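The primary structure of each chain is shown beneath.
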Amino acid sequence: MTGAPRTHDDARAWARTGTELLLDAVAGLDEDAFSAPSVLPDWTRKHLVAHAAANADALGNLVHWAATGEETPMYASAEERAVGIAKGPTLWADELRSWLTDSAQKLAAGLDRLTEAQWGHQVVTAQGRTVPATELPWMRAREVCVHAVDLGTGVAFADLPKGFLTALVAEIKAKRGLAELPDGPLPEVAAWLAGRPHSLIDAPELGPWL
């Protein structure tokens, strides 16, 4: 399950696809459906959508950093990230939809404005990694694609772009330090590696990733 190295143009396309899946998934949810559990333990769909919206805002801070050189962390603190997630259940469905849409549009516009030189500027992620701005679209693609599945509204790993799944499998395999992968369809292997529900037989259980 190897392929050509991903580019930030690939990742931008995957982020757009994941954003569309996410927005489509929440478009028809009423208050009860929004308050229902997501695939992630202890998170409702409202928690998940708030997290995705806050993530766009946080990545927008790194876009600002890359564009201006002004050090702008994703989150002021770990507590700020938690507050953003906890805010979800306090908002109405329409408020969450607006936040998710507006934050995604602002992030996309910010990425569009980056110059070739600015794409190479270094920023620091919430995990303390120093990366070039070219990593930002991939960071967003992971969030929107995987969490579109986590909403539990019918989107599956099989609905995600093959190139994205290939890159995701390669990244998680390396981060988990796995030498071998179980046989199975690419979407199911990706779901297993990410610690999500899957159909693989005799694959050891993995904890949630992302």
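Below is a summary of the structure that appears in this document. (Residues numbered from 1 in each chain as written. Predicted model: local features only at pLDDT ≥ 70, side-chain atom pairs only at ≥ 80, totals over all residues. Heavy atoms only, no water.)

Let's talk about the packing of helix α3 (residues 45-68) against helix α7 (residues 136-150)
Here α3 crosses α7 at 175 degrees, and the two axes come no closer than 11 Å. Judged on the interaxial angle alone, α7 and α3 are roughly antiparallel. Residue-level inspection shows Leu48, His51, Ala52, Asn55, Ala56, Leu59, Leu62 and Val63 of α3 in contact with α7, the latter providing Leu136, Met139, Arg140, Glu143, His147 and Asp150. (Axes fitted to C-alpha atoms, helices over the stretch in contact; angles between N-to-C directions. Helix = DSSP H or I, 4+ residues; strand = E, 2+ residues; numbered from the N terminus. Parallel < 35°, antiparallel > 145°, perpendicular 65-115°, else oblique. Contact = heavy atoms within 4.5 Å.)

As for α3
Between its first and last C-alpha atoms α3 spans 35 Å; for 24 residues at 1.5 Å apiece the expected length is 34 Å, and the two agree. Between the side-chain oxygen at the start of α3 and the backbone nitrogen of Lys46 there is a gap of 3.2 Å, and the oxygen is on Thr44. (Expected span 1.5 Å × (residues − 1). Polar contact = N/O pair within 3.5 Å; in protein donor to acceptor, adjacent residues only side chain to side chain.)

Remarks on the packing of α3 against helix α4 (residues 78-86)
Orientation of α3 relative to α4, taken along the N-to-C sense of each, is 130 degrees, at an axis distance of 7 Å. Compared by their axis directions, α3 and α4 come out oblique. Residue-level inspection shows His47, Ala50 and His51 of α3 in contact with α4, the latter providing Arg81, Gly84 and Ile85. Looking at the contact of α3 with α4 residue by residue, the class counts come to two nonpolar, three polar and one charged. (Nonpolar A, V, L, I, M, F, W, Y, C, P; charged D, E, K, R; others polar.)

A closer look at the packing of aromatic side chains
Given two aromatic rings, their pairing is described by the distance between the two centres and the angle made by the two planes. A complete count under the given rule lists three aromatic pairs for this structure. Between the aromatic rings of Trp14 and Phe164, the centroid separation amounts to 6.1 Å while the plane-to-plane angle is 75 degrees, which identifies the pairing as edge-to-face. One end of the pair, Trp14, is in helix α1 (residues 8-27); the other, Phe164, is in helix α8 (residues 162-176), and 150 residues separate them in sequence. Aromatic pair Trp138 and Phe164: ring centres 5.5 Å apart, planes at 50 degrees, arrangement tilted. Of this pair, Trp138 sits in helix α7 while Phe164 sits in helix α8, placing them 26 residues apart in sequence. Summarising the burial analysis for this pair, Trp138 and Phe164 share the class buried. Each member of the aromatic cluster is reached from another via a ring pair, and the members are Trp14, Trp138 and Phe164. Cation over ring: Lys87 sits above Trp99, and NZ or CZ is 4.8 Å from the ring centre. (Phe/Tyr/Trp six-rings, centres within 6.5 Å; stacked < 30°, edge-to-face > 60°. Buried < 20%, exposed > 50% of the residue type's maximum accessible area, 1.4 Å probe, protein only. Lys NZ or Arg CZ within 6 Å of the ring centre and 35° of its normal.)

With respect to the pattern of salt bridges
Side chains bearing opposite charge may pair, as long as their charged atoms lie close to each other. Counted under the stated rule, the structure contains six salt bridges. Between Asp150 and Arg196 there is a salt bridge, with the nearest N and O atoms lying 2.7 Å from each other. Here Asp150, found in helix α7, pairs with Arg196, found in the segment after α9 (186-193); they are 46 residues apart in sequence, far enough to count as distant. The burial state of Asp150 is the same as that of Arg196; both residues are buried. Through salt bridges with shared partners, one network takes in Arg142, Glu171 and Lys175. (Salt bridge = Lys/Arg side-chain N within 4 Å of Asp/Glu carboxyl O.)

Side note on the side chain of Lys46
Among the secondary structure elements, Lys46 is positioned in helix α3. Polar contacts involving the side chain of Lys46 include one to the side chain of Glu31, which spans 3.0 Å. Ignoring any residue separated from it by four or fewer positions in sequence, one finds Lys46 in contact with Glu31, Phe34, Ser35, Gly88, Pro89, Leu91, Trp92, Ala93 and Leu96.

So, the side chain of Ser38
Structurally, Ser38 is set in the loop between α2 (31-35) and α3. Of note is the side chain of Ser38, whose polar atom sits 3.1 Å from the backbone nitrogen of Leu40. When near neighbours in sequence (up to four residues on either side) are disregarded, Ser38 contacts Trp43, Thr44, Arg45, Leu48, Asp150 and Leu151.

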